[in-house]
Amino acid sequence: MMLEHVLVVSAYLFSIGIYGLITSRNMVRALILGIDGLSIGPILLTGFITTLATLAAWPVTRDSRLFHFLMLAMYSGQIGLFSSRDLLLFFIMWELELIPVYLLISVWGGKKRLYSATKFILYTAGSSVFLLLGVLGIGLYASNEPTLNFETSANQSYPVALEIIFYIGFLIAFAVKSPIIPFHTWLPDTHGEAHYSTCMLLAGILLKMGAYGLVRINMEFLPRAHSIFAPWLMIVGTIQIIYAASASPGQRNLKKRIAYSSVSHMGFIIIGIGSLSDMGLNGAFLQIISHGFIGAALFFLAGTSYDRIRLVYLDEMGGMAVPVPKIFTTFSILSMASLALPGMSGFVAELIVFFGIITSQNFFLIQKILITLLMAIGTILTPIYSLSMLRQMFYGYKFFNAPNSYFLILDRESYLFLSLSFYL
C-alpha cells in the first residue's frame, strides 16, 4: 500500500511539472497530439493488446490494484508516444512507460526479477540519453526559434554530416527498444522473468515503439542519412533473422525461446524499413501488427500453460496435448502463424517485405538477390524452433501430479483464445 501511495503522489507531482512545462510561454505550442495513417495501426494494436493483457492478469492477487494501475500507466505512455506530434512529448512518453515496466518486472517477476528489471532499465534508460540529445539537437537547430513540432522539424534542412550524427543517436535509442542486435540481450532475460501479461505488452507493443521511432523520426526527419544507412539496416536485419532463429532452439526456457523468435521477426521489420520502397515499408508495418498479435498470444498461452503444470523449461515438459487439448490446438495454430504459414498474416507481411526488396530501385540486383536468399534461410530456420517447441511441450508421455480439474480451460480463457486467434 505504501508503494501505491508513493506512485500516486509521484504521478501527481510529475503531472504538475508537465503542466507547468506546457503552459510556459515558449512551449505552449509544442505539445501536440494527432493521429495519421502511420500511427493509427499501432494505436489500435496498443488498445487491443492492453485490454487482453489486463483480462489475462486475473491470476494476479498480490497488490492487484497496483498491478493494473501500472499496466494502464504503461498504456498511457504508449498511446501518448504513438499520437505525439512533437519531439518533446515523444521523449516524455518514451520515458514514461519505463517506470511501470520496471516495477511490473521487479515486483511480480520470477526468481531473477531484480536482475532482469535492472538490466532492462539500464539498457533502455541509457539509450534514452541518445534520444534526448537528438531531440535537443533538432529542436535547437531551428533557424528562427527553437521548435520541436514534427511538421517544422520534418521540413528543416540539415547538413549531411549533422544528419548522420542525429541519425546515429536516434538509431541507438531505437535499436535498444526494437531490439536490434547487438542491443537485444535485455529482452530474453526480461521475458523470462516477467509475468506473462507483462510479456504480452512487451512483445506486442513495446518492441514496436522502436520500429515506429525509426520510421517517424529517422526516415521523416533525416532522409539523406537514412538512404546512407538503409543498406546497413538491411544487412543487420538479415543477420538478426538468422542469428535469433538459430539461437532460439537452444533455449530451455519457454518464454526465452519465444523472446528469441520475436527478435528474429523484428528483423523483417528492420529490412522493410531499410528497403527504401513503399511496398517494403507497408510490409514492415503489417509485420508490426501481425507480430504484435502473434507474440502476445504466444506469451499468453505460455502463461496459461505454466499456471497448470508449473513448469517453464521445455525439457521438463511433454504430453500436454491430452490434458489441455484447447491449449494444444491454439498453440499449434499460433506456431503456424509464427512460421508464416500461407494464409496467415505473418506470411502476407513477410511476402510484402520480400516484394519490397525485389522492387526497390535503390539497390543493385546482386544485393537484392543476396538479401532475399539470406532472408529465405531465416524463414527455413523458423519452423525448426516453432515445431520443436510444439514437440517438446505437447507430444510424448508425461504424468502430471495434479487433478483433472486443474487442467480445465476457463470460459474467459477461451474467449481470449478466440479474440487473439481471430487476427492471425
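The annotation that UniProt attaches to the chain under Subcellular location (unreviewed entry) is "Membrane".

Novice: When you look at helix α8 (residues 160-177) in this model, what are you seeing that I'm missing?
Specialist: Residues lying three or four places apart along an α-helix face the same way, a consequence of the helix completing one turn every 3.6 residues. Here α8 contains 18 residues, and its C-alpha end-to-end distance of 26 Å stays within 8% of the 26 Å for a straight helix at 1.5 Å per residue. Three or more residues of α8 are buried, namely Glu163, Phe166, Tyr167, Gly169, Phe170, Leu171, Ala173, Phe174, Ala175, Val176 and Lys177. Of the surrounding secondary structure, the elements contacted by the buried residues of α8 are α4 (87-96), α5 (98-108), α6 (113-140), α9 (186-193), α10 (196-221) and α11 (223-247).

Novice: Looking at this structure, I do not really get the pattern of salt bridges. What am I missing?
Specialist: Two side chains carrying opposite charge are able to pair once their charged atoms lie near each other. A full pass over the atoms with the stated rule returns eight salt bridges. Across the pair aspartate 36 and arginine 85 runs a salt bridge, and its minimum N-O distance is 3.2 Å. Linking aspartate 36 in the loop between α1 (2-22) and α2 (40-55) with arginine 85 in the loop between α3 (64-83) and α4, this pair joins segments that are 49 residues apart in sequence. Salt-bridge contacts for glutamate 97 lead to lysine 177; the nearest nitrogen and oxygen are separated by 2.9 Å. Separated by 80 residues along the polypeptide, glutamate 97 in the loop between α4 and α5 and lysine 177 in helix α8 bring together distant segments of the chain.

Novice: Can you help me understand the environment of valine 236 in this one?
Specialist: You can see valine 236 is positioned in helix α11. Counting along the chain gives 38 residues from valine 236 to glycine 274, while the straight-line C-alpha distance between them is 9.9 Å. In contact with valine 236, other than residues within four places in its own chain, are Ile180 and Ile181.

Novice: Could you clarify how one ought to interpret the packing of α3 against α5 in this entry?
Specialist: For any two helices packed against each other, the geometry is given by the interaxial angle and the distance between the axes. It is the contact of α3 with α5, at a shortest axis distance of 9 Å, that shows an interaxial angle of 150°. The orientation of α3 with respect to α5, classified from their angle, is roughly antiparallel. Note that α3 runs across α5; the crossing there is left-handed. Counting all contacts with α3, which are made through Leu66, Phe67, Leu70, Met71, Ala73 and Met74, the residues of α5 involved are Pro100, Val101, Leu103, Leu104 and Trp108. The residue inventory of the contact of α3 with α5, partitioned by class, reads 11 nonpolar, no polar and no charged.

Novice: I would appreciate a short explanation of a nonpolar patch on the surface in the present structure.
Specialist: On the surface, a cluster of nonpolar side chains totalling about 420 Å² of accessible area is made up of Trp232, Ile235, Ile239 and Tyr243. Its place among the elements puts tyrosine 243 in helix α11.

Novice: How should helix α13 (residues 278-309) be read in this particular structure?
Specialist: Between the first and last C-alpha of α13 there are 46 Å, a value that for 32 residues agrees with the 46 Å anticipated at 1.5 Å per step. Most of α13 is tucked away, with 26 of its 32 residues classed as buried. Residue arginine 310 follows α13 closely and has a positive phi angle near 55°.

Novice: Looking at this structure, how should I read the packing of aromatic side chains?
Specialist: One pair of aromatic rings is described through two measures. These are the centre distance and the angle between the planes. What the rule picks out here adds up to 16 aromatic pairs. Judged by centre distance (4.8 Å) and plane angle (15°), the ring pair of tyrosine 167 and phenylalanine 229 falls under stacked. Separated by 62 residues along the polypeptide, tyrosine 167 in helix α8 and phenylalanine 229 in helix α11 bring together distant segments of the chain. Note on accessibility: tyrosine 167 and phenylalanine 229 belong to one class, buried. The structure contains a cluster of three or more aromatic residues connected by ring pairs, namely Phe90, Trp94, Phe150, Phe170, Phe174 and Phe221.

Novice: So what exactly am I meant to see when it comes to unusual backbone geometry here?
Specialist: Residues apart from glycine generally show negative phi values, whereas peptide bonds are mostly found in trans. Along the chain, serine 178 connects to proline 179 via a cis peptide bond; the corresponding omega equals -10°. Considering the arrangement of structural elements, one finds proline 179 in the loop between α8 and α9. For the bond running from isoleucine 181 to proline 182, omega is 10°, close enough to zero to count as cis. Within the fold, proline 182 resides in the loop between α8 and α9.

Novice: In this structure, what is going on with the packing of helix α14 (residues 325-338) against helix α16 (residues 365-394)? I would like to understand it.
Specialist: Two numbers describe how α14 lies on α16: the axes approach to 9 Å, and their chain directions differ by 170°. Between α14 and α16, the crossing angle belongs to the class labelled roughly antiparallel. Facing α14, whose interface residues are Ile327, Phe328, Phe331, Ser332, Ser335, Met336 and Ser338, α16 presents Thr382, Ser386, Leu387, Met389, Leu390, Met393 and Phe394. When its residues are assigned to classes, the contact of α14 with α16 shows nine nonpolar, five polar and no charged.

How each quantity is defined
- Residues numbered from 1 in each chain as written.
- Predicted model: local features only at pLDDT ≥ 70, side-chain atom pairs only at ≥ 80, totals over all residues.
- Heavy atoms only, no water.
- UniProt positions renumbered as here; feature names shortened; annotations may be inferred.
- Helix = DSSP H or I, 4+ residues; strand = E, 2+ residues; numbered from the N terminus.
- Expected span 1.5 Å × (residues − 1).
- Buried < 20%, exposed > 50% of the residue type's maximum accessible area, 1.4 Å probe, protein only.
- Contact = heavy atoms within 4.5 Å.
- Salt bridge = Lys/Arg side-chain N within 4 Å of Asp/Glu carboxyl O.
- Axes fitted to C-alpha atoms, helices over the stretch in contact; angles between N-to-C directions.
- Parallel < 35°, antiparallel > 145°, perpendicular 65-115°, else oblique.
- Left-handed = near helix turned anticlockwise from the far one by under 90°.
- Nonpolar A, V, L, I, M, F, W, Y, C, P; charged D, E, K, R; others polar.
- Patch = residues over 30% accessible without salt bridge, like charges linked within 9 Å, V, L, I, M, F, W, Y side chains within 5 Å.
- Areas by Shrake-Rupley, 256 points an atom, 1.4 Å probe, with all protein chains shown as cover.
- Phe/Tyr/Trp six-rings, centres within 6.5 Å; stacked < 30°, edge-to-face > 60°.

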